[in-house]
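Commentary on secondary and tertiary structure
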Amino acid sequence: MEKERSFKNNVKELYKQLLVLCGIVFLFALIGITYMVSPESFLLASDTPNMEITSIDSEEDDWDKVENGIHLRTGLKVAEGYMAVVNNCTNCHSAQLVIQNRMNEERWIATIRWMQETQNLWDLGKNEAVIVNYLVTNYPVVSKGRREALSNIEWYDLKE
């Protein structure tokens with residue numbers, strides 16, 4: 001009799017725990033569905049975007065201003081395809097990183113594949129050819145050759 005009563009108590013306790021677990025799962029499901037239907041209801045006052053209206057014509061808001069053939073915000077040369085580079089490359093890193101890496105077409109394509117495989121770069125589609133052509137044309141590989149001869153050096157004697 002004692003074993004039977006103990007077994008019944010264990011089953012009741014297990015049943016209570018199962019009900020609590022089901023209640024928690026239901027609550028999380030309800031919250032998840034509510035979030036999917038209306039995510040803005042989960043925003044805090046500090047999360048709301050600043051809706052301040054600014055003038056597009058103001059000097060400091062010239063987002064895509066170009067002077068002397070250079071896109072001022074990024075420093076990229078303005079040529080066919082530069083906006084594809086701005087829109088696709090500067091989302092993740094500085095345009096200066098792109099400018100300093102002078103590569104040929106094969107190396108740029110290999111770098112893009114590496115970024116797609118390891119860095120979550122999206123499929124560039126038709127933009128890939130435009131971007132690679134822009135970079136190869138405007139930032140070609142520079143052959144530096146030998147180091148320049150040293151000049152204006154103040155030499156000194158090493159003391160033994």
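Residues numbered from 1 in each chain as written. Predicted model: local features only at pLDDT ≥ 70, side-chain atom pairs only at ≥ 80, totals over all residues. Heavy atoms only, no water.

Here's the deal with the overall build of the protein chain
The helix and strand inventory of the protein chain stands at five helices and two strands. Secondary structure elements in the protein chain, listed N-terminal to C-terminal, are α-β-β-α-α-α-α. Burial analysis of the protein chain (160 residues in total) assigns 17% to the buried set. Within the protein chain, counting contacts between residues at least 6 apart in sequence, those at least 24 apart form 44% of the total. Total accessible area computed for the protein chain in this model is approximately 13900 Å², and 57% of it derives from carbon and sulfur atoms. (Helix = DSSP H or I, 4+ residues; strand = E, 2+ residues; numbered from the N terminus. Buried < 20%, exposed > 50% of the residue type's maximum accessible area, 1.4 Å probe, protein only. Contact = heavy atoms within 4.5 Å. Areas by Shrake-Rupley, 256 points an atom, 1.4 Å probe, with all protein chains shown as cover.)

Observations regarding the layout of surface pockets
Approximately 330 Å³ is the volume found for the largest pocket. In terms of lining, the largest pocket is formed by 18 residues, of which the most central are His93, Val98, Trp108, Thr111 and Met115. Those elements giving two or more residues to the lining of the largest pocket turn out to be helix 2 (82-89), helix 3 (95-100), helix 4 (105-118) and helix 5 (127-138). The dominant element in the lining of the largest pocket, judged by the number of residues it contributes, is helix 4, at five residues. (1 Å grid on protein atoms, 1.4 Å probe; cavity = no way out; pocket = protein on both sides within 12 Å on 5 of 7 lines; lining within 4 Å. Points joined across faces, edges and corners; volume = space filled by probe spheres on them.)

Brief notes about unusual backbone geometry
Phi is positive for Asn68, which is not a glycine, with a value near 55°. The topology assignment puts Asn68 in the loop between strand 1 (66-67) and strand 2 (70-71). The class of Asn68 is exposed, set by a relative accessible area of 79%.

Brief notes about the packing of helix 2 against helix 5
The axes of two packed helices give the description: the angle between them and the distance between them. Their axes nearest at 8 Å, the elements helix 2 and helix 5 cross at an angle of 110°. Overall, the two elements helix 2 and helix 5 adopt an arrangement that is roughly perpendicular. Crossing angle aside, the handedness with which helix 2 passes helix 5 is left-handed. Between helix 2 and helix 5, the contacting residues are Tyr82, Ala84, Val85, Asn88 and Cys89 on the first element and Asn127, Val130, Ile131, Tyr134 and Leu135 on the second. Residue classes in the contact of helix 2 with helix 5 are distributed as eight nonpolar, two polar and no charged. (Axes fitted to C-alpha atoms, helices over the stretch in contact; angles between N-to-C directions. Parallel < 35°, antiparallel > 145°, perpendicular 65-115°, else oblique. Left-handed = near helix turned anticlockwise from the far one by under 90°. Nonpolar A, V, L, I, M, F, W, Y, C, P; charged D, E, K, R; others polar.)

A closer look at the pattern of salt bridges
The final tally for this structure, using the stated rule, is three salt bridges. Of the charged contacts in the structure, one is a salt bridge between Lys8 and Glu4, with a shortest N-O distance of 3.9 Å. Taken together, the positions of Lys8 and Glu4, both in helix 1 (residues 2-37) and four residues apart, correspond to about one turn of that helix. As a salt-bridge pair, Glu67 and Lys65 come within 3.5 Å of each other at their nearest N and O atoms. (Salt bridge = Lys/Arg side-chain N within 4 Å of Asp/Glu carboxyl O.)

So, a nonpolar patch on the surface
Nonpolar side chains collect at one region of the surface, where Leu27, Ile31, Tyr35 and Phe42 lie side by side and expose about 390 Å² of accessible area between them. Looking at the secondary structure, you find Ile31 in helix 1. (Patch = residues over 30% accessible without salt bridge, like charges linked within 9 Å, V, L, I, M, F, W, Y side chains within 5 Å.)

Topic: the nonpolar core
Ranked by size, the top nonpolar core spans 20 residues in total, and within it Leu76, Val85, Ile131, Tyr134 and Leu135 carry the most contacts. If you tally residues by element for this core, the top one is helix 2, at five residues. Each residue touching Ile131, except ones within four places of it in the same chain, is listed here: Ala84, Val85, Asn88, Cys89 and Leu124. (Core = buried A, V, L, I, M, F, W, Y, C linked by side-chain atoms within 4.5 Å.)

Let's talk about the packing of aromatic side chains
Summed over all chains, the structure comprises one aromatic pair. Here Tyr134 and Tyr139 contribute two aromatic rings whose centre-to-centre distance is 6.0 Å and whose plane-to-plane angle is 65°, an arrangement assigned as edge-to-face. Each of the two residues, Tyr134 as well as Tyr139, counts as buried. Above the plane of the ring of Tyr139 lies Lys77, whose end atom (NZ or CZ) is 5.1 Å from the centre. (Phe/Tyr/Trp six-rings, centres within 6.5 Å; stacked < 30°, edge-to-face > 60°. Lys NZ or Arg CZ within 6 Å of the ring centre and 35° of its normal.)

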